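# Summary of the model geometry
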Amino acid sequence: MSDASDTAGQLPVPEPWVHADAKPFWDATAEGRLCLPRCNGCGTVIWYPRGFCPVCASFDIEWFDAPGTGEVYSFSIPRRGQGAYRDAAPYVVAYVELDLPDGLGGDGPGPRIMTNLVDCDPWSVSVGDRVRAVFHPTERGVALVRFRPA
Amino acid sequence: MALGRLPAVTGTIRGAAHLAGAYEHPLRTIPDRTTPQIHAEVAVGALADAGLTMGDVDAYFCAGDAPGFGPLSMAEYLGLDRLAYVDSTEIGGSSYVAHVGHAAAAIAAGKCHVALITLAGKPRTGGSGPGGSGRVGDAPEFSFEVPFGTSVLTNYALAATRHMHEFGTTSAQLAEIKVAASTHAQHNPNAFLRDVVTVEEVLESPMVCDPLHRLDSCVITDGGGALVVVSPEVARTLDRHCPVVLGHGEAPKHTGNGRIDLTHTGAVWSGPRAFEEAGVTPADVDYASIYDSFTITVLQTIEDLGFCAKGDGGRFVADGGLQAPHGRLPFNTDGGGLCNNHPTNRGGITKVIEAVRQLRGEAHPAVQVPDCDIALAHGTGGSLGTRHGSATLILGREA
Ligand SMILES: [Zn+2]
C-alpha cells in the first residue's frame, strides 16, 4: 500500500465535497488507501467514484483497494493558478492511468484519474512515467490523492 | 430488453429551414449595457437583417448565458408573447450551433415558423461570470477534478499534450492555426485583435499552461450574437438571401467511466451525422467555421470531421492550409475566437454567423471564398480534457 503523507508539500489541499455515494472512497483516503468502486453486475471498475454503474446501470457496488500505482497518461503545467491555487503555480495537472489488481481490470486499461504530480520538477515529467499515490490530508480529515515518481 | 440495432432514422431536416437573419454585436467591450440589453440588441439586429420583427417570433432559444430563468426571463424581457416553442439546451459554446439544428427540427415538425436564438454576456466589464454554466459545485465529478487546480486551460492543455505524444504534433503546427486566424482578422474592423502574427510570435508569447501559449488561446470579449431560423414558407416571403439548413449532428463527449481518449473530440460523432443528413462529404465543404477556443480545438476537430486523417492535423494546417480564400480549408474568416470575438466565452453563434456571411457572399472581399456553396459550422462547448458538447451544422447557399 502507498505511503500516507504527513505533508501536502507545496500545493493547497482544497476540501472536496463528499457526496454520500462516494463516501467509501473519501473515508479510505483518510487511511492512505486508494479504494475504488467495482460493479457486482458487470465487473467494471468505476471512475469517478459513485454508487451507480455507468456500464450496466446497476446500483450493486462493492469497494476494493487499488495498489496506488499507475502511469502518466497526460499532463499540463499551469503557469498561473486560480482560487486556492493562486500562489501555487507552476504545478502539474495530470491524468494518471491506474494499475488494477490482477483479475479486477478485465482486458482494458484502468481508469484515468485527474490528479497532481508532486515531488518532481514539472518539466521533467513525461507521458508514460511510472508514479505512485501519496495522500494529502485536508482540514476535515479526508485526503486528496496525488502522485509522485515511482 | 435491449433494442439492438435499429433501422436508420429516416426523418430529416434537410431543406426544412433557412437562416434568414444573422447578427454579431460590433463591440467587444460593452460597459454601458446590461446582459439582457445586449440580448435585446442582437435580437433586434438579427430580426432586422431578416426583415422581421419581434412580433413575428414564435420560437425562442437561449443557453446558459441567458440570465435568470433562461427563456422565461428573456421572453418576458424581450416581449415575446406568442411563443409556441422554447429550448434552453445548454452545452456551453456549442449550444447555439445545436440550437439551429433544434430549430430546424421544430420547424420541420410544424411546431413553429420563426425561431430566434440569442447569446450575450460581458466577461470584460462585469455582469455574469465567464462560462455561465451554473451550479458547477454540485456536479458529481466536481471533487475528482477541481480540487487539483484544474481549469478550462489546464484541461485543453491535457488534450494537447496527449495529441503531441501520440502523433508528434508540434507547437509550431498549432501556431499555424493562430497565424491563419490573424491573417483573416486584419480585414475585420471589429476584431478584438487585428495584428497579423507569425509562428515565431506565437511560440515566443508567454506559456500560459504547457504546452499552450497565450497566443494559442481565444480572446475574452463582451458581446453577443443572434440568429433567425425560418420555415421555407417564411423564407420565400423575405427580401433576403436565406441559406438553407442541410444537416446537423450533435453529441456530448464525457470521460467515459474514466477511460477518456484525449486525442479526439465529439466531432467524431456529430460530424458524420451532419454529413449524412446533408448528403455531402468533407470534400464538398467550401468554407468551415471551426470552434477555436484554443488552437488544439481546431486541430483535433479538423481531423475528427474527416478533413484529414487522425494525427495528420498538424500537417494539414501547415503552409497556409486554413487561409482564405485559397487554402485547403478556408476557416474562420472573421478571425474566429482566436482573434475576432468569443462573446461571453461562447463562440458557437459567431461560427454560424460567419458561415452565413460566406454563403451570402458578404464576407470581407479579401477572405470571401469564391462560389461558396457549402459551409460548415462546428461548435465545441466545455472542455476537451473532460467533457464537452459537440455540434456540427452544414448549410447550403441556395439563393
Ligand atoms: Zn455494471
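We now turn to the structure provided with this report. (Residues numbered from 1 in each chain as written. Chains lettered and ligands numbered in written order. Predicted model: local features only at pLDDT ≥ 70, side-chain atom pairs only at ≥ 80, totals over all residues. Heavy atoms only, no water.)

This next bit is on the overall build of chain A. Looking only at helices and strands, chain A has one helix and seven strands in total. The N-to-C order of helical and strand elements in chain A reads α-β-β-β-β-β-β-β. On C-alpha atoms alone, chain A measures out to a radius of gyration of 15 Å, which is about the 15 Å that the 2.2 N^0.38 rule sets for 150 residues. The C-alpha extent of chain A, read off along each of the three principal axes, is 45 × 35 × 25 Å. Within chain A, contacts between residues separated by at least 24 positions form 58% of all contacts whose residues are at least 6 apart in sequence. Per element, the accessible surface of chain A, about 6,900 Å² overall, is 46% carbon and sulfur. (Helix = DSSP H or I, 4+ residues; strand = E, 2+ residues; numbered from the N terminus. Rg over C-alpha atoms; globule rule 2.2 N^0.38 Å. Contact = heavy atoms within 4.5 Å. Areas by Shrake-Rupley, 256 points an atom, 1.4 Å probe, with all protein chains shown as cover.)

Attention now goes to the packing of aromatic side chains. Enumeration according to the criterion identifies eleven aromatic pairs over all chains in this entry. Centroid distance Phe61 of chain B to Tyr85 of chain B: 6.0 Å. Interplanar angle 25°. Geometry classified as stacked. A residue pair is termed long-range when its members are at least 10 positions apart, and Phe61 of chain B in strand 2 (residues 59–61) and Tyr85 of chain B in strand 3 (residues 85–87) qualify at 24 residues. Owing to a relative accessible area of 0%, Phe61 of chain B belongs among the buried residues under this scheme. In this structure, Arg50 of chain A is placed above the aromatic ring of Tyr48 of chain A, and the distance from its NZ or CZ to the ring centre is 4.1 Å. Taking the ring centre of Tyr73 of chain A as reference, the NZ or CZ of Arg112 of chain A above it sits at 3.9 Å. (Phe/Tyr/Trp six-rings, centres within 6.5 Å; stacked < 30°, edge-to-face > 60°. Buried < 20%, exposed > 50% of the residue type's maximum accessible area, 1.4 Å probe, protein only. Lys NZ or Arg CZ within 6 Å of the ring centre and 35° of its normal.)

All right, on to the coordination of the zinc ion then. Residue and element names in this part refer to chain A. Protein-derived coordination of the zinc ion comes from Cys39 (SG), Cys42 (SG), Cys53 (SG) and Cys56 (SG), at a distance range of 2.2 to 2.3 Å. Angles of 99 to 116° at the metal separate the four donor atoms of the zinc ion, which places the site in the tetrahedral class. Relative accessible area serves as the criterion here: at 34%, Cys56 is assigned to the partly exposed category. (Donors = N, O, S within 2.8 Å, 3.2 Å for Na, K, Ca; no water. Tetrahedral: all angles 85-135°; square planar, octahedral: opposite > 155°, others 65-115°.)

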